[in-house]
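What follows is each chain in one-letter form.
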Amino acid sequence: MRIVVFGAGGRAGRQVVAEARRRGHQVTAVVRDPARHRDLGDVRVVAGDVTDPLDVERAALGQDAAVSAAVDLSVPPHDFFTASSRALVDGLAQAGVRRLVVVGLSAVMPGASGAALMDEPGFPNEYRSFYLGHAAGLAELRTAGLDWTYLAPAGDFDRDGVRSGRYRLAGHGDPGSRISYPDFAVALLDVVAQPDHHRAAVIVREG
């Protein structure tokens, strides 16, 4: 497949690029400054702003699917995630790309009670504005006709974890769950290759 990855320079994005190349896919890696990301490997690296639909369209032309792992912490979360969702929807439509997988956040996924994790008692909320920004971006996707999947870890990432190649899908979030970035990338590329989850938010946890 030909896959364009927005936010390819971040922790999740880098692992998605690496896993896609491991599987033999052709990758276009979109970053804000290509000069800072010469270590992404045997991929096409291009400059682009995921909140600009024209940049999205240019990067996505000729691609089979898109992945967004992008975040910009210098911008208010609500502004960034809503703008990026709108730009992805519009830009991918113009480029003729129908499939999008977005790296999501556990806090906006349902917990064991059925409420969003961020609303469950005891959940740490010092980053609530970031959670709400993600939720607003997901709400934008829900109004679009694009074939999207929002893939979130059940809890958090194990930042030093290695690739085991194992994961499992979960029915609800779990704050105690930890999945490595490489294993999350395995799950994400499986979702790209086997699009069984259409216009859906999906939770993945360690295997």
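Attention here is on the structure that accompanies the text. Everything numeric here is computed off the predicted structure, so don't read it as measured data.

1. Things to note about the pairing of strand 2 (residues 26-31)
Counting buried positions along strand 2 yields five of six residues, so the element is predominantly enclosed. Looking at chain direction, strand 1 (residues 2-6) and strand 2 are connected through five bridges and run parallel. Its bridge partner being in strand 2, Val 5 is matched across the sheet by Ala 29.

2. Quick look at helix 1 (residues 11-22)
The first and last C-alpha atoms of helix 1 sit 17 Å apart over twelve residues, in line with the 16 Å expected at 1.5 Å per residue. Along helix 1, the residues classified as buried are Ala 12, Gly 13, Val 16, Val 17, Glu 19 and Ala 20. Just downstream of helix 1 lies Gly 24, where phi reads positive at about 90 degrees.

3. With respect to the packing of helix 2 (residues 53-60) against helix 3 (residues 77-95)
Where helix 2 contacts helix 3, the two axes come as close as 7 Å, and the packing angle between them is 40 degrees. Between helix 2 and helix 3, the crossing angle belongs to the class labelled oblique. Like other packed secondary-structure pairs, helix 2 and helix 3 cross with a definite hand, here right-handed. Residues Pro 53, Val 56, Glu 57 and Ala 60 of helix 2 form the contact with helix 3, whose own contacting residues are Ala 87, Leu 88, Asp 90, Gly 91, Leu 92, Gln 94 and Ala 95.

Rules of the game
- Residues numbered from 1 in each chain as written.
- Predicted model: local features only at pLDDT ≥ 70, side-chain atom pairs only at ≥ 80, totals over all residues.
- Heavy atoms only, no water.
- Buried < 20%, exposed > 50% of the residue type's maximum accessible area, 1.4 Å probe, protein only.
- Helix = DSSP H or I, 4+ residues; strand = E, 2+ residues; numbered from the N terminus.
- Pairing = 2+ DSSP bridges.
- Expected span 1.5 Å × (residues − 1).
- Axes fitted to C-alpha atoms, helices over the stretch in contact; angles between N-to-C directions.
- Parallel < 35°, antiparallel > 145°, perpendicular 65-115°, else oblique.
- Left-handed = near helix turned anticlockwise from the far one by under 90°.
- Contact = heavy atoms within 4.5 Å.

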